[in-house]
Amino acid sequence: MRFTTIYLSLALAMLLSQPFEATASNLVCFYDSRGFEREGLAQFTLADMELAMQFCTHVIYGYAGLDAKTLELQVLNQPLDLQKRHFASVTALKQKFPYIKVLLSVGGDRDLENEEKYIKLLEAGRQNQNRFIESALETVRRFDFDGLDLAFQLPRNKPRKVHSDAGMAWKSFKKFFTGDFIVDEEADTHREQFTDLVRDLSHAIKQYDLLLSLTVLPNVNSSWYYDAPSIINFLDIVNLGTFDFLTPTRNPEEADYTAPLYEVLTQNRLGHYNVNYQMEHWLLQRVPLNKLNIGIASYGRAWKLTKDSGVEGTPVVSATDGPAPAGVQTKTPGLLNWAEICQLLPNPGNANAKGNAAPVRRVGDPTKRYGNYAFRAADENGDYGLWISYEDPDTAASKAQYVRAKNLGGVALFDLTLDDFRGQCTGDRFPMLRAIKYRLL
Ligand SMILES: *[C@@H]1O[C@H](CO)[C@@H](O)[C@H](O)[C@H]1NC(C)=O
């Protein structure tokens with residue numbers, strides 16, 4: 001009798017603990033520490049971080065960089081990261097969430113001086129790379145991070161050129177000019193060098209039981225730089241930057257879905273600019289599914305519409321004029337966070353608003369394949385035109401659903417500080433993070 005009871009409770013304990021571990025998906029929460037330094041409503045605090053952490057399996061602190069001369073890991077924001085002890089404060093939160101892994105990321109498009117240094121590091125040879133490895137390990141260990149994330153700023157796909165003022169004849173030739181073309185003659189060599197670096201780094205990092213993660217930044221072409229079968233065993237997780245396929249800065253003259261789940265087959269779009277293509281590129285190389293996380297942006301991208309963009313709003317929208325003016329909270333041209341977008345969507349408060357505050361028209365996507373957009377046509381003077389491609393909690397949940405259906409590792413959210421962490425939209429704090437979490441459970 002007693003044995004049966006013990007046996008039963010043991011079995012129950014195993015049932016409760018084991019499958020949970022085995023099936024729980026990753027929710028990798030990127031944390032861009034710039035959010036900590038924003039002002040007003042956009043300012044993200046450690047208390048916000050603490051709230052977010054109950055949903056995350058990993059937090060990736062962004063960003064460290066490379067010293068262009070020595071190629072060692074470089075702390076980019078010393079006043080914050082070191083003097084104000086922000087590195088240490090963030091990793092200290094692990095005491096409350098002991099199962100969370102906090103990693104330090106290198107690159108992430110925040111290390112903007114001499115970007116060619118990332119290629120230089122690949123070409124630098126083993127001895128110089130050892131200096132990078134040692135310096136990275138030193139920083140990671142000193143501040144109690146659980147590992148390192150490589151978000152290297154390697155050369156990007158070329159955005160396609162658009163000549164919107166050209167006539168029909170030009171348009172029929174357009175497809176010959178719009179594809180990507182070679183931006184790195186040495187890509188094959190660089191891919192091999194990256195593999196070597198990852199192998200050496202992994203060996204060094206494993207001695208301390210730390211994690212190594214790879215983040216593929218948007219528009220860094222995986223086929224050029226990452227030999228998936230050769231590197232995957234050295235990596236604990238891979239985060240695919242499957243968003244910002246188009247941006248108002250890279251593609252000032254045309255607006256389109258920035259992070260569609262599937263290829264939009266109509267019109268002349270590039271086949272690799274969607275989540276599913278990027279994921280399949282890795283899957284086809286037989287990497288373990290549970291290491292792959294798809295990236296979801298918590299922000300939208302906003303273009304300025306001109307009179308020539310028309311009043312329809314249907315993407316691809318032509319004759320756009322680059323990034324739309326910055327939002328009042330995030331203060332970044334061409335980018336709006338969910339709280340800012342939410343305030344522009346039709347609501348009782350903005351029904352009669354004019355100019356830049358006038359409501360935008362929301363166009364949802366019942367197919368759940370491409371994503372939302374919202375827009376406001378330019379007025380007769382050519383002012384106030386706006387076109388936004390954005391994620392909301394529902395579309396983010398659809399992507400998490402995709403992750404579940406394909407049995408992938410999980411989701412990487414970019415980033416916590418651009419989610420509606422104050423709950424300005426509906427009162428729900430971190431609506432994007434929650435929507436993803438509930439769908440992954
Ligand atoms: C890399 O770019 C080429 C075009 O240059 C494209 O055909 C290929 O699909 C891209 N690979 C990925 C993984 O995006």
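Look above for the structure.
Note that the structure is predicted; figures quoted are calculated from it, not measured.

Criteria and thresholds
- Residues numbered from 1 in each chain as written.
- Predicted model: local features only at pLDDT ≥ 70, side-chain atom pairs only at ≥ 80, totals over all residues.
- Heavy atoms only, no water.
- Axes fitted to C-alpha atoms, helices over the stretch in contact; angles between N-to-C directions.
- Helix = DSSP H or I, 4+ residues; strand = E, 2+ residues; numbered from the N terminus.
- Parallel < 35°, antiparallel > 145°, perpendicular 65-115°, else oblique.
- Left-handed = near helix turned anticlockwise from the far one by under 90°.
- Contact = heavy atoms within 4.5 Å.
- Nonpolar A, V, L, I, M, F, W, Y, C, P; charged D, E, K, R; others polar.
- Core = buried A, V, L, I, M, F, W, Y, C linked by side-chain atoms within 4.5 Å.
- Buried < 20%, exposed > 50% of the residue type's maximum accessible area, 1.4 Å probe, protein only.
- Near = heavy atom within 4 Å.
- Polar contact = N/O pair within 3.5 Å; in protein donor to acceptor, adjacent residues only side chain to side chain.
- Disulfide = S-S within 2.5 Å.
- Salt bridge = Lys/Arg side-chain N within 4 Å of Asp/Glu carboxyl O.
- Phe/Tyr/Trp six-rings, centres within 6.5 Å; stacked < 30°, edge-to-face > 60°.
- Lys NZ or Arg CZ within 6 Å of the ring centre and 35° of its normal.
- Lys, Arg positive; Asp, Glu negative; His and termini not counted.

Overview of the packing of helix H7 (residues 125-142) against helix H9 (residues 187-206)
For any two helices packed against each other, the geometry comes down to the angle between their axes and how far apart the axes lie.
Okay, so step 1: The geometry of H7 relative to H9 is characterised by a closest axis approach of 10 Å and an angle of 40° between their N-to-C directions. Taken as axis vectors, H7 and H9 run oblique relative to one another. At the point where H7 passes H9, the crossing takes the right-handed sense. For the pair formed by H7 and H9, the contact residues are Arg126, Gln129, Phe132, Ile133 and Leu137 on the first element and Leu197, Asp200, Leu201, Ala204 and Ile205 on the second.
Okay, so step 2: In terms of residue class, the contact of H7 with H9 is made up of seven nonpolar, one polar and two charged.

Comments concerning the nonpolar core
Okay, so step 1: Among the nonpolar cores identified, the biggest contains 101 residues, and Phe132, Trp282 and Leu416 are the most heavily contacted of them.
Okay, so step 2: Residue contributions to this core peak at seven residues, all from H9.
Okay, so step 3: Tryptophan 282 has contacts with Leu214, Val216, Ser222, Tyr226, Ala228, Ile231, Val238, Leu240, Val287 and Leu292, leaving out every residue within four places of it along the chain.
Okay, so step 4: Counting residues in hydrophobic clusters, the runner-up holds 15 residues, among them Tyr63, Leu103, Phe243 and Ala259.

What to know about the site of the ligand
Okay, so step 1: Surrounding the ligand, one finds eight residues, the nearest of these being Asn221, Ser223, His272, Tyr277 and Gln278.
Okay, so step 2: One of the side-chain N or O atoms of tyrosine 277 is found 2.5 Å from an oxygen atom in the ligand.
Okay, so step 3: Glutamine 278 is positioned with one of its side-chain polar atoms (N or O) 3.0 Å from an oxygen atom of the ligand.
Okay, so step 4: Broken down by secondary-structure element, the contributors of at least two residues to the shell around the ligand are helix H10 (222-225) and helix H12 (275-283).

Focus: the environment of leucine 201
Okay, so step 1: If you trace the backbone, leucine 201 turns up in helix H9.
Okay, so step 2: Using a relative accessible area of 1% as the deciding quantity, one classes leucine 201 as buried.
Okay, so step 3: C-alpha of leucine 201 to C-alpha of leucine 212: the two residues are 11 residues apart in sequence and 8.2 Å apart in space.
Okay, so step 4: In contact with leucine 201, not counting residues within four places along its chain, are Phe132, Ile133, Leu148, Leu150 and Leu212.

Description of the state of the cysteines
Okay, so step 1: In the structure shown here, the tally under the stated rule is two disulfides.
Okay, so step 2: Note that cysteine 29 is cross-linked by a disulfide to cysteine 56, the S-S spacing being 2.1 Å. When the S-S torsion is -95°, as for the bridge of cysteine 29 with cysteine 56, the disulfide is left-handed. With cysteine 29 in strand S1 (residues 26-32) and cysteine 56 in the loop between helix H3 (46-53) and strand S2 (58-66), the pair connects residues that are 27 residues apart, well separated along the chain. Grouping residues by exposure puts cysteine 29 and cysteine 56 together as buried.
Okay, so step 3: Here cysteine 342 pairs with cysteine 425 through a disulfide, and the sulfurs are 1.9 Å apart.

So, the environment of lysine 161
Okay, so step 1: For lysine 161, the position within the fold is in the loop between strand S5 (147-151) and helix H8 (168-178).
Okay, so step 2: Considered as a pair, lysine 161 and asparagine 251 are 90 residues apart in the sequence and their alpha carbons are 7.9 Å apart.

Let's talk about the packing of helix H14 (residues 393-405) against helix H15 (residues 431-440)
Okay, so step 1: Remark: H14 packs on H15, axes separated minimally by 8 Å, with the N-to-C direction vectors making an angle of 30°. Comparing the axis directions of H14 and H15 gives the class roughly parallel. Seen along the crossing, H14 lies across H15 with a hand that is right-handed. Of the residues in H15, those touching H14 at Pro393, Ala396, Ala397, Ala400, Gln401, Val403 and Arg404 are Pro431, Met432, Ala435, Ile436, Arg439 and Leu440.

Examining the pattern of salt bridges
Here the idea is simple: oppositely charged side chains can pair when their charged atoms come close.
Okay, so step 1: What the rule picks out here adds up to 19 salt bridges.
Okay, so step 2: Ionic pairing is found between aspartate 48 and arginine 429, a salt bridge with its closest N-O pair at 2.8 Å. Of this pair, aspartate 48 sits in helix H3 while arginine 429 sits in the loop between strand S17 (410-414) and H15; the two residues are 381 residues apart in sequence, bridging distant segments of the chain.
Okay, so step 3: Overall, the relative accessible area of 32% leaves arginine 429 in the partly exposed class.
Okay, so step 4: Among the ionic pairs, glutamate 138 bridges to arginine 142, the shortest N-O distance being 3.2 Å. A residue pair is termed a helical-turn pair when its members lie 3 or 4 positions apart in one helix, as glutamate 138 and arginine 142 do in helix H7 at four residues.
Okay, so step 5: Overall, the relative accessible area of 53% leaves arginine 142 in the exposed class.

Observations concerning the environment of alanine 151
Okay, so step 1: On the secondary structure map, alanine 151 appears in strand S5.
Okay, so step 2: When its relative accessible area of 0% is taken as the criterion, alanine 151 is described as buried.
Okay, so step 3: When the C-alpha atoms of alanine 151 and asparagine 219 are compared, they prove to be 12 Å apart, with 68 residues separating the residues in sequence.
Okay, so step 4: In this structure alanine 151 touches Ser105, Val106, Gly107, Gly108, Thr215 and Leu217, once residues within four positions along its chain are discounted.

Considering the packing of aromatic side chains
Okay, so step 1: With the rule as written, the count across this model stands at 26 aromatic pairs.
Okay, so step 2: An angle of 80° between the planes, with centres 5.3 Å apart, marks the rings of phenylalanine 87 and phenylalanine 145 as edge-to-face. Taken together, the residues span a long stretch of sequence, with phenylalanine 87 in helix H5 (residues 86-92) and phenylalanine 145 in the loop between H7 and S5 at a distance of 58 residues.
Okay, so step 3: Of the residues examined, phenylalanine 145 reaches a relative accessible area of 2% and is grouped as buried.
Okay, so step 4: Centre to centre, the rings of phenylalanine 421 and phenylalanine 430 are 6.3 Å apart; their planes meet at 40°, and the pair counts as tilted.
Okay, so step 5: An aromatic cluster is present here, built from Tyr31, Phe44, Tyr61, Phe87, Phe143, Phe145, Phe421 and Phe430 joined pairwise through their rings.
Okay, so step 6: Sitting over the face of the ring of tyrosine 262, arginine 369 holds its NZ or CZ atom 4.2 Å from the ring centroid.

Re the side chain of arginine 38
Okay, so step 1: Looking at where arginine 38 falls in the secondary structure, it is placed in the loop between helix H2 (34-37) and H3.
Okay, so step 2: Look at arginine 38: it is buried, it has no salt bridge, and the nearest opposite charge is aspartate 32 at 5.2 Å.
Okay, so step 3: A distance of 3.1 Å separates polar atoms of two side chains, one belonging to arginine 38 and the other to threonine 417.
Okay, so step 4: The residues touching arginine 38, leaving out its near neighbours within four places in the chain, are Gln43, Thr330, Thr417 and Leu418.

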